[in-house]
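# Reading the structure
Below are the chains, spelled out letter by letter.
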Amino acid sequence: LFSKSSCSPSDSLLSTQGSWLLLLRHLSFPPPAITRRVIDHYENPRNVGSLDKNDPNVGTGIVGAPACGDVMKLQIKVDDNGKIVEAKFKTFGCGSAIASSSLATEWINGKSIEWAEKVENKDIAKELSLPPVKLHCSMLAQDAIQAALSDYKKKQTKKAQ
């Protein structure tokens, strides 16, 4: 397919290598399938933004994955009855990381903190049909929820003292 005779003298080594890399990528390393749900949350993310981190009813979780560079900030605002009345996120990362954050905030908005504590990465991954190479994104979303809940609980303990 890419024999030496098919390359003209004007072809650079870079373009020949690029052709080989392109061929190898398509034959040996297909990109992971991206589901419509991931694309929807990436193109139309829900609950993007920030809450006042100094508010005693706001918990903030910031987590990251050094291997891929994804960073998530997820915040929750909880009412006096333990209900999450608002959840916001900001994510620096790939489409799957953004989709995982967006879905996580959708799920926990309006729920109790007890319910939010039970959200697991496998459920997020299943809902978004994440391929194995993107499972770290759903793990980050779970970790961000847990970190936000932990921060909220620390603030409530200080508030009670």
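Up top is the structure these notes are about.
Keep in mind that what you see is a predicted model, and the values were worked out from it rather than measured.

## With respect to the overall build of the protein chain
- Each helix and strand counted, the protein chain has six helices and three strands in total.
- Ordered by position in the sequence, the α and β elements of the protein chain form the string α-α-β-β-β-α-α-α-α.
- Per-residue burial for the protein chain yields a buried fraction of 34% across its 161 residues.
- Taking the contacts inside the protein chain whose residues are at least 6 apart along the sequence as the reference set, 61% of them involve residues at least 24 apart.
- When the accessible surface of the protein chain is split by element, carbon and sulfur atoms take 57% of a total near 9,700 Å².

## Digging into the nonpolar core
- Among the nonpolar cores identified, the biggest contains 29 residues, and Leu74, Ile76, Ile84, Ile108 and Ile145 are the most heavily contacted of them.
- When residues of this core are traced back to their parent elements, those giving at least two are β1 (58–65), β2 (70–78), β3 (84–92), α3 (95–108), α4 (113–117), α5 (121–128) and α6 (135–160).
- Top contributing element to this core by residue count: α6, with eight residues.
- Apart from residues no more than four positions distant in its own chain, Ile108 is found in contact with Leu74, Ile76, Ile84, Ala87, Trp115, Ala116, Val119 and Ile145.

## Let's talk about the side chain of Gln75
- Its place among the elements puts Gln75 in strand β2.
- Accessibility expressed as a relative area gives 1% for Gln75, which makes it buried.
- At a separation of 2.9 Å, a polar atom in the side chain of Gln75 contacts the side chain of Thr60.

## Thoughts on the packing of α3 against α5
- Axis separation between α3 and α5 bottoms out at 10 Å; the angle between their running directions is 110 degrees. When the axis of α3 is compared with that of α5, the two are roughly perpendicular. The handedness of the crossing between α3 and α5 is right-handed. Together, Ala99, Ser100, Leu103, Ala104 and Trp107 of α3 and Asp123, Ile124, Glu127 and Leu128 of α5 make up the contact between the two elements.
- Of the residues contributing to the contact of α3 with α5, the split by class is six nonpolar, one polar and two charged.

Analysis parameters
Residues numbered from 1 in each chain as written. Predicted model: local features only at pLDDT ≥ 70, side-chain atom pairs only at ≥ 80, totals over all residues. Heavy atoms only, no water. Helix = DSSP H or I, 4+ residues; strand = E, 2+ residues; numbered from the N terminus. Buried < 20%, exposed > 50% of the residue type's maximum accessible area, 1.4 Å probe, protein only. Contact = heavy atoms within 4.5 Å. Areas by Shrake-Rupley, 256 points an atom, 1.4 Å probe, with all protein chains shown as cover. Core = buried A, V, L, I, M, F, W, Y, C linked by side-chain atoms within 4.5 Å. Polar contact = N/O pair within 3.5 Å; in protein donor to acceptor, adjacent residues only side chain to side chain. Axes fitted to C-alpha atoms, helices over the stretch in contact; angles between N-to-C directions. Parallel < 35°, antiparallel > 145°, perpendicular 65-115°, else oblique. Left-handed = near helix turned anticlockwise from the far one by under 90°. Nonpolar A, V, L, I, M, F, W, Y, C, P; charged D, E, K, R; others polar.

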